[in-house]
Amino acid sequence: MPLAVFPANFKNLEKIREFYARAARSAGLDEDAVYDIQMAVDEAAANIIDHAYGGENRGVIECSYEIIEKGIRIVLHDHGKAFDPDLIAPPDVSSDPCSRKPRGLGLYFMQKLMDNVRFSFNGDGGNILTMEKYKENSC
Amino acid sequence: MEIKTTPLKRCMLLEVAGRIDSSTAPQLSDIFNEITEGGEFHIVFNMSKVEFISSAGLWVMVTAQKKCKRFNRGEVYLAEVPKRIYEALDLAGFIPYYKVYDSAAEAVGSF
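Caption draft 1: Structural context of the overall build of chain B. Counting its regular elements, chain B contains 4 helices and 6 strands. When the helices and strands of chain B are placed in sequence order, the string is β-β-α-β-β-α-β-α-β-α. Projected onto its principal axes, the C-alpha coordinates of chain B cover approximately 30 × 25 × 25 Å. Buried positions account for 45% of the 111 residues belonging to chain B. When contacts within chain B are restricted to residue pairs at least 6 apart in sequence, long-range pairs at least 24 apart make up 73% of them.

Following this line, the structure appears as C-alpha cells:
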C-alpha cells in the first residue's frame, strides 16, 4: 500500500490532492473521477486539520491507497480527536446559502462524490477514513 | 492562485487563476473585502481560469454575495464558469443564488 505522510497544514492540501490524482490515474480512473477524488480528499484533509487536530501543524495526515479491481481505495489516517460523522447534520442544499451556517459541506461532498465512505476511530490510533471510487463501468 | 481586479464603469471585474482551497480561500476573501470596503458591490467574477474550488472557496463566494446583495446595493455575477466548478456550486445548492453568464463581457453589460 503506497503511503505518504504530510504535516497537517493547508499548504499541503495541494500535495495531498496531487498524490491521489496520480494514484487515481494509475488505477485507470477517468479525469472526472480524478477530479471527484481530489475534491473529496481535499475536504477530508481540511476537516482533519480543522476538526481532528483543531488547527494547522498539530499532527500529520498519513495518506495511503490501494488499487482495487473496481477502482481505488483511499485511506487517510490522523491522530487527532475522534470524529463521528453521525454528529454532523447534513446541509440543507435547497435552502438559501446566505442563511446557512458554513458547515457540513465537506462531508456532504465526500459522500456525494465517492462511492463508499467509512469512518472508524481506533482509540489512541486516531481516525481512519476509508473512501472508495469506482470506475464508471463497475458498480 | 493569482488574482486580478479591473475596475470598470459599472462594476469590478475579478479574475482568479488557479486553485481555491483552504490555503488560498483567505486571499480571495481579502480581495472581496477590499472591493466592498472600497464601496463597489457590483462584481463580475470571471472563473474561467479557476482550476479547483473546495467548500472553503465556495463559502467565501457566498459571504461575498450576501454582503453585496445587502440593502439591494449590488450583486456578484459569475462568468465563464468551468464545468467542474459549476458542478461543485450546483452540488452545494449555490447556483440559484447567482446569475451565471457565458462570457464576462455579457455579465459586465448586465449591470
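We are not done yet, so read on.
Caption draft 2: Spotlight on the pairing of strand β1 (residues 2–7) of chain B. All names here are of chain B. Across the 6 residues of β1, 0 count as buried, placing the element largely on the outside. By the bridge criterion, 6 bridges tie β1 to strand β2 (residues 12–20) in an arrangement that is antiparallel. Bridge assignment links threonine 5 to a residue of β2, and that residue is leucine 14. Between β1 and the antiparallel strand that follows it, β2, lie 4 residues.

Caption draft 3: Structural context of the packing of helix α2 (residues 31–52) of chain A against helix α3 (residues 105–113) of chain A. Residues and elements named next belong to chain A. Running from N to C, α2 and α3 point in directions that differ by 150°, and their axes come no closer than 9 Å. With respect to the hand of their crossing, α2 and α3 are arranged in left-handed fashion. When α2 is examined against α3, the residues Asp36, Met39, Ala40, Glu43, Ala44, Ala46 and Asn47 are found in contact with a partner set consisting of Gly106, Leu107, Phe109, Met110 and Leu113.

Caption draft 4: Spatial organisation of the interface of chain A and chain B. Each side of the interface is counted separately: chain A has 19 residues, and chain B has 20 residues. If you list the elements that add at least two residues to the side of chain A that touches chain B, you get α1 (13–26), α2 and α3 of chain A. If you tally residues by element for the side of chain A that touches chain B, the top one is α2(A), at 6 residues.

Caption draft 5: View of the sheet that holds strand β2 (residues 60–68) of chain A. All names here are of chain A. Taken in spatial order, the 5 strands make up an open sheet running β1-β2-β3-β5-β4, and their pairing is antiparallel. In the strand order of this sheet, the two ends are held by β1 (3–7) and β4 (116–121), each with one partner. Neighbour-to-neighbour, the strand axes of this sheet turn through a mean angle of 20°, independent of strand direction. Relative to β2, β1 runs antiparallel, the two being bridged by 5 bridges. Its bridge partner lying in β2, phenylalanine 6 is registered against isoleucine 61. Set on the sheet, α2 makes contact with β2, β3 (71–77) and β5 (127–134); between it and β5 the angle comes to about 170°.

Caption draft 6: Quick peek at helix α1 (residues 25–37) of chain B. All names here are of chain B. Here α1 is 13 residues long and its end C-alpha atoms lie 18 Å apart, about the 18 Å a rise of 1.5 Å per residue gives. For α1, the full list of buried residues reads Ala25, Leu28, Phe32 and Ile35. Buried residues in α1, looked at end-on, bunch into an arc of 85°, giving them a common side. Along α1, the residues that are exposed and aim more than 90 degrees away from the buried face are Pro26, Asp30 and Glu37. Of the surrounding elements, those touching the buried residues of α1 are β1, β2, β3 (42–46) and α2 (55–69). Phi turns positive, to about 90°, at glycine 39, one or two residues after α1.

Caption draft 7: Summary view of unusual backbone geometry. The phi torsion at Asn57(A) lies on the positive side, around 55°, for a residue other than glycine. Inspection of the secondary structure assignment puts Asn57(A) in the loop between α2 and β2. Asn57(A) gets classed as partly exposed once you count the C-beta atoms within 10 Å, which come to 13. At Phe71(B), a position not held by glycine, the phi torsion is positive, near 55°.

Caption draft 8: Just the nonpolar core, in detail. By size, the foremost hydrophobic cluster in this structure holds 76 residues, and its most contacted members are Tyr20(A), Ala40(A), Ala45(A), Ile48(A), Ile43(B), Val44(B) and Leu58(B). Per element, the largest residue contribution to this core is 12 residues, and it comes from α2(A). Not counting the four nearest positions on each side in its chain, Ile48(A) is found in contact with Ala8(A), Tyr53(A), Ile61(A), Leu76(A), Asp78(A) and Gly80(A).

Caption draft 9: Fine view of the environment of Cys68(B). Residue and element names in this part refer to chain B. Secondary-structure assignment places cysteine 68 in helix α2. Given 21 C-beta atoms within 10 Å, cysteine 68 falls into the buried group. Through-space distance from the C-alpha of cysteine 68 to that of lysine 49 is 23 Å; in sequence the pair is 19 residues apart. Discounting chain neighbours no more than four positions away, the residues touching cysteine 68 are Thr36, Phe41, Ile43, Arg73, Gly74, Glu75 and Val76.

What counts, and where the lines are drawn
Residues numbered from 1 in each chain as written. Chains lettered and ligands numbered in written order. Predicted model: local features only at pLDDT ≥ 70, side-chain atom pairs only at ≥ 80, totals over all residues. Helix = DSSP H or I, 4+ residues; strand = E, 2+ residues; numbered from the N terminus. Buried ≥ 20, exposed ≤ 12 C-beta atoms within 10 Å, placed from the backbone. Contact = placed C-beta atoms within 7 Å. Pairing = 2+ DSSP bridges. Axes fitted to C-alpha atoms, helices over the stretch in contact; angles between N-to-C directions. Left-handed = near helix turned anticlockwise from the far one by under 90°. Expected span 1.5 Å × (residues − 1). Arc of directions from axis to C-beta. Core = buried A, V, L, I, M, F, W, Y, C linked by C-beta atoms within 7 Å.

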